[in-house]
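Examination of the molecular architecture
If you want the building blocks of each chain, they are given just below.
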Amino acid sequence: MAKFSFPPIVTPEAQLLILGTLPGEESLRLQQYYGHPRNHFWPLIAAIFGEAVPADYAGRVRLLKQHGCALWDVLESAERIGSSDAAIRNATVNPFAAFLADYPNIRTIAFNGQKARDLFRRHVVKPGHVSEQGFTTIDLPSSSPLYTKSLEEKLGIWRAKLAGSLAVQKRRAK
C-alpha cells in the first residue's frame with residue numbers, strides 16, 4: 001500500500017526543520033502530522049515552548065510557525081502496511097535540495113527518531129542532493145508511542161538537544 005507524506009509546515013523565517021519519516025495510519029486518516037493521540041510530538045513541542053498543547057490542529061501548526069520551526073517528512077512516499085517505520089519499502093524522498101534553497105534560513109535539521117536520520121543520510125545526503133556541512137543536525141528520540149522512553153525522558157532529551165537552536169529563535173522573536 002502506497003502512503004504519501006503531507007506538504008511541509010514552514011514559513012520563510014523558519015530556522016529549525018524537524019523531520020519525521022512518513023505519517024502513520026491515524027495521521028493519514030486525520031490528514032495531520034502526528035495525529036495519533038498517544039504520539040508525544042505535540043506535547044513535547046508545547047512543553048519546550050512553555051505552552052499548553054493547542055486543542056486543534058490549526059493551533060498546533062501556529063505554535064510551530066510562531067517559534068521558527070518547520071515540519072516535514074524525509075519520505076514523499078513509500079509502501080508500508082501499518083504505521084511501523086520498519087515496514088517501509090520502495091521509498092521516494094522529498095525534494096530537499098529545492099526545499100532548502102527556497103528556505104535558506106533553515107540552518108538546523110532535527111531528526112525525530114533514528115529511522116528519519118538514517119533515511120535522510122542514505123537517500124538525501126549520500127546521493128549528493130544535500131550536504132550536511134551547511135547545517136547543524138540533531139538526533140532526537142522518536143516521539144512515537146512505540147519508542148519505549150516516557151514523555152518525561154523524551155522531553156529532557158529534546159529540551160537539551162534543541163536548546164541552542166531554540167534560544168536563537170527566542171532572541172529573534174523578541
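First, a word on what this report is: a plain description of the structure on this page. In this text the structure is predicted, and so the values were computed from the model without any measurement.

This part is about the packing of helix α2 (residues 41–48) against helix α3 (residues 57–66). Their axes nearest at 11 Å, the elements α2 and α3 cross at an angle of 50 degrees. In terms of orientation, α2 lies oblique with respect to α3. Note on packing geometry: the crossing formed by α2 with α3 is left-handed. Between α2 and α3, the contacting residues are F41, W42, I45 and A46 on the first element and Y57, R60, V61, L63 and L64 on the second.

To continue, consider the sheet that holds strand β2 (residues 16–20). Pairing is parallel across the open sheet formed by four strands, whose spatial order is β3-β2-β6-β7. Unpaired on one side and paired on the other, β3 (69–73) and β7 (136–140) mark the two borders of the sheet. With strand direction ignored, the average angle separating the axes of adjacent strands in the sheet is 20 degrees. Relative to strand β6 (residues 108–112), β2 is paired through four bridges, and the arrangement is parallel. In the sheet register, I18 faces β6, and the bridge partner there is A110. Sitting on the sheet, helix α5 (residues 114–125) touches β2, β6 and β7, and the angle it makes with β6 is about 125 degrees.

Right, let's get into the nonpolar core. Counting 49 residues, the largest nonpolar core has L17, L19, F41, L71, F96, F120 and L162 as its most contacted members. Ranked by residues supplied to this core, first place goes to α2 with six residues.

Attention now moves to unusual backbone geometry. Although it is not a glycine, Q31 adopts a positive phi angle of roughly 60 degrees. You can see Q31 is positioned in the loop between α1 (25–30) and α2. Its relative accessible area of 52% is what places Q31 among the exposed residues. Even without glycine at this site, N90 takes up a positive phi of about 50 degrees. By the element assignment, N90 lies in strand β5 (residues 89–93).

Each value, and the rule that gives it
- Residues numbered from 1 in each chain as written.
- Predicted model: local features only at pLDDT ≥ 70, side-chain atom pairs only at ≥ 80, totals over all residues.
- Heavy atoms only, no water.
- Axes fitted to C-alpha atoms, helices over the stretch in contact; angles between N-to-C directions.
- Helix = DSSP H or I, 4+ residues; strand = E, 2+ residues; numbered from the N terminus.
- Parallel < 35°, antiparallel > 145°, perpendicular 65-115°, else oblique.
- Left-handed = near helix turned anticlockwise from the far one by under 90°.
- Contact = heavy atoms within 4.5 Å.
- Pairing = 2+ DSSP bridges.
- Core = buried A, V, L, I, M, F, W, Y, C linked by side-chain atoms within 4.5 Å.
- Buried < 20%, exposed > 50% of the residue type's maximum accessible area, 1.4 Å probe, protein only.

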